[in-house]
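Understanding the architecture of this molecule
One letter stands for each residue in the lines below.
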Amino acid sequence: NFVKTITTLRAVLKVVVLFCLSLGDVKSLPILLNLKNCHSKSKVFTLCRIRNIGIMAHIDAGKTTTTERMLYYSGYIRTLGDVDDGDTVTDFMVQERERGITIQSAAVTFDWKDYRINLIDTPGHVDFTVEVERCLRVLDGAVAVFDASAGVEAQTLTVWRQADKHQIPRICFLNKMDKIRARMYLIKLNSLQLKSLLYLQLPIGEAKTFRGLVDVVTKEQIIWKPTSDLDDGKNFEQKLLLEADDPNLFQEVQDARNNLIEQVADLDDEFAELVLGEYSENLDLIPADKLQSAIRRVTLAQKAVPVLCGSALKNKGVQPLLDAVTMYLPAPNERSYEFLQWYKDDLCALAFKVLHDKCRGPLVFIRVYSGSLKPQSAVYNINKSCTERMSRLLLPFADQQIEIPSLMPGNIALTVGLKQSATGDTIVSSKASAVAAARRAGMGTRGEKRSSSNTESLLLAGVEIPDPVFFCTIEPPSTAKQQDLDNALSCLQREDPSLKVKLDPDTGQTVLCGMGELHIEIIHDRIKREYGIETYLGPLQIAYRETILNAAQATDVLDKAVGDKRHFVTAELEVRPGLGERATTKPAIEYAVGIEELPKEVKGAVENGITNSCIQGPLLGFPVQDIDVTVQSLTLHPDTSHTMLSACVSRCMQKALKKAGIQILEPLMNLEITVSEDHLSAALADLAQRRGSVQEIQSRQDNRVVVATVPLAEMMGYSTVLRSLTSGSATFTLELASYQALSSQEQSALLQRRTGLV
Ligand SMILES: Nc1nc2c(ncn2[C@@H]2O[C@H](COP(=O)(O)OP(=O)(O)OP(=O)(O)O)[C@@H](O)[C@H]2O)c(=O)[nH]1
């Protein structure tokens, strides 16, 4: 009876839970059910059948729509979500659904045919570039999505360069082939600095009549056929294209295939041998699988990028894209990671993203490179030098997860229980394993000794976070809420390393620093919705920089007795302007002849003092950039503490900087506006009033693209102005180019504004 009651209670509870879920979020129910079904097969995938890929592109190219279709065709969701209706799986944050944009990358794991695909949908807006970068760090391949009617857009170039930096093999997907101006040959090789684009498909029909494509490799045509009640793209006909079907298209495909063969033969010696030998008489006879293998080799070697096409929104082309992902993008074991040799079969994993869950605490996304992870195990975080306990392992499916018993190399998953780990941390099994790896890394491959910085770079694999360009004060509704706000900000900072939070030393106010207006707006909104704190933001301000105009010297003496100890330091420093090439706020430090051999700890304290005084410049408290410092002389009493030494050096630096004359630098932005011919002159006139300087005006289909530089200070609220000037038809991207000096009038006007004299 007892067992029966328990069973009945469990069944009732399950129904209630599912009912509540369906009330809260109608979409959660089918996904959750499907997810369990799909993964319950718990197939084991060998390394060669795993693909870790990212979807990257300019804003609105169709990444989320394409991802949604991938999940649908692989059977993970039963209904197709739409970005415009705010119900896609990967854009699950409230702000994403309301705005129709991706803000944070979302990871989903699904199976396509016999492959396990770990996919990350990344944001396209320039304010969230760091989010893209940290995902690219752990991916083996990427699909670059293009709006086929727009070609290569500004943010595409940025993410393309990021993928280049991480040497990630790619496939291009020309989306939106259903649009009137969509063209297959829009991507320009030189704009992407590419050697070769391999067109693997040709569209059948154009714009509204776009109904299918021809696979140039197999010469098969794929035509999507809506069933009587549904046009979800599941129903298509695939058959060999015959001359009788369409003689023109047949000839086009024939030419495209010959062209493709020639291109691949140029890039791959093995394939060239086939072309020149066995099949030299008739290229038509080259088997599709030989051509596919050669395309795979040149794609993995990053000598070429395959190009496919389709329309995600109209449900065409996504299944062949998935086939291409499995066919042409690398498996984890086909990527070479130098650090793997130091770990051998020991665990080596990288934490690349943190999410805060109200109930479970921080959820850390991990990519395992070698060894394996099991729940309820201890791991060692090299960056934080601490051992942490991981309680559970979860397979991600956007905002839902399912528990898994282990994580094998080459895979991505979420961990529960890691409290210290943050983005960019290297996770290994134990301290002993880290020491062993460090020992192996200390020796080069041929046994030669490596430098310690080299060793470090082998163990740590972080992401470069650019300095924020905007900041504003943030205040809680009452001082009683300050602690809650601090907690919320520290959770958000762990999730988003591009968000910086600091305390204004003069006013004691909390200051938020972010990558753009949208970034700060989203953070403000998240504090309200996720943490229930209604905060007040001060006006958005520009993060200027300071630098020096002349060389200057200063001396300082510190003589203090604390208890029975005497702290005595005399320091003499020289500061000089750098060559203007380093936008870094880390000064270049050298020591005068005779004091180069100072003990390591003393040098550390001196350099601390110098670096600290560069964090807040003497004029307006902005970071000081591009300066060289020479420590001319240093004397100190043996009892002097390092803190006192740093304080004295810091004071001396401040004196020297003041003497050297301060120049304020402002962020100069690269601006790209895509605008119709009709509104071009209005956009240009407005730009001229913003101290903008136009570099060139390109034509992109029927639109004009204005490439310009403009000071960030002039771009506050630009999106609203541009929208009203162009009736909402123009789009723009803004990205930091450099820091430029303000004129003396601008500098004194800024000083007056900041010191409240006007
Ligand atoms: N005509 C047409 N529109 C599409 C297609 N794919 C996506 N869209 C539309 O383009 C807009 C942007 O789509 P998303 O999927 O959100 O694009 P995204 O690249 O994920 O956008 P972000 O993540 O915000 O950068 C939406 O209005 C989609 O409906 C397509 O194949 N054809």
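Residues numbered from 1 in each chain as written. Predicted model: local features only at pLDDT ≥ 70, side-chain atom pairs only at ≥ 80, totals over all residues. Heavy atoms only, no water.

In the annotation of an unreviewed UniProt entry, the protein chain is listed under the name Ribosome-releasing factor 2, mitochondrial and assigned to Strigops habroptila. Under Catalytic activity (unreviewed entry), UniProt gives the following word-for-word description of the protein chain: "GTP + H2O = GDP + phosphate + H(+)". (UniProt positions renumbered as here; feature names shortened; annotations may be inferred.)

1. Focus: the sheet that holds strand β29 (residues 627-636)
Across the sheet, which stays open at both edges, the four strands sit in the order β26-β27-β29-β28 with mixed pairing between neighbours. Every other strand in the sheet has two partners, leaving β26 (552-562) and β28 (588-591) as the edge strands with one partner each. If you compare each strand with its neighbour and ignore which way they point, the axes differ by 25° on average. Here strand β27 (residues 565-577) runs beside β29; their pairing, made up of nine bridges, is antiparallel. Bridge pairing in β29 places Thr 570 opposite Thr 635. (Pairing = 2+ DSSP bridges. Helix = DSSP H or I, 4+ residues; strand = E, 2+ residues; numbered from the N terminus. Axes fitted to C-alpha atoms, helices over the stretch in contact; angles between N-to-C directions.)

2. A closer look at the sheet that holds strand β8 (residues 212-215)
Strand order in the open sheet formed by four strands is β7-β8-β9-β10, and the pairing between neighbours is antiparallel. Each end of this open sheet is capped by a strand with a single partner; those strands are β7 (201-204) and β10 (236-240). Strand-to-strand twist of the sheet, defined as the mean angle between neighbouring strand axes without regard to direction, takes the value 20°. Bridge analysis of β7 against β8 gives four bridges, and the strand direction is antiparallel. Bridged to Gln 201 within β8 is Asp 215. Seen against the sheet, helix α7 (residues 247-267) touches β7 and β8 and runs at an angle of roughly 165° to β7. Its contacts with the sheet put helix α10 (residues 318-328) on β7, β8, β9 (220-224) and β10, and the angle it makes with β9 is roughly 135°. (Contact = heavy atoms within 4.5 Å.)

3. Brief notes about the confidence of the model for the protein chain
Considering every residue of the protein chain, the mean pLDDT works out to 82; 84% of them sit at 70 or more. Under a pLDDT of 50 for its full length, residues 17-33 has, in the predicted model, 21 contacts with residues more than four places off or in other chains. Counting interchain partners and residues more than four positions distant, the pLDDT-below-50 stretch residues 444-455 has 18 contacts. Reported for the predicted complex are a pTM of 0.73 and an ipTM of 0.98. (pLDDT = per-residue confidence, 0-100.)

4. Side note on the environment of Arg 754
Among the structural elements, Arg 754 can be located in helix α20 (residues 744-754). Taking the C-alpha atoms as reference points, Arg 754 and Leu 620, separated by 134 residues in sequence, lie 7.8 Å from one another. Those residues in contact with Arg 754 that sit more than four places away from it in its chain are Phe 471, Gln 541, Leu 620 and Phe 622.

5. Here's the deal with the packing of helix α8 (residues 269-276) against helix α9 (residues 288-300)
Between α8 and α9, whose axes approach to 9 Å, the crossing angle comes to 150°. Classed by the angle they form, the pair α8 and α9 counts as roughly antiparallel. At the point where α8 passes α9, the crossing takes the left-handed sense. Along its contact with α8, which presents Glu 270, Phe 271 and Leu 274, the element α9 presents Lys 290, Leu 291, Ala 294 and Arg 297. Partitioning the contact of α8 with α9 into residue classes produces four nonpolar, no polar and three charged. (Parallel < 35°, antiparallel > 145°, perpendicular 65-115°, else oblique. Left-handed = near helix turned anticlockwise from the far one by under 90°. Nonpolar A, V, L, I, M, F, W, Y, C, P; charged D, E, K, R; others polar.)

6. Regarding the layout of surface pockets
Taking a probe equal in size to a water molecule and rolling it over the atoms shows the remaining empty space. Roughly 970 Å³ of internal volume is contained in the second largest pocket. Breaking the lining of the second largest pocket down by element, the ones donating at least two residues are β20 (470-475), β21 (500-503), β22 (510-514) and α16 (600-615). The dominant element in the lining of the second largest pocket, judged by the number of residues it contributes, is β21, at four residues. Of the residues in the lining of the second largest pocket, the class split is 17 nonpolar, nine polar and eight charged. Both domains that furnish three or more residues to the lining of the second largest pocket are identified here as domain 4 (470-543) and domain 5 (546-660). (1 Å grid on protein atoms, 1.4 Å probe; cavity = no way out; pocket = protein on both sides within 12 Å on 5 of 7 lines; lining within 4 Å. Points joined across faces, edges and corners; volume = space filled by probe spheres on them. Domains from an automatic or database assignment.)

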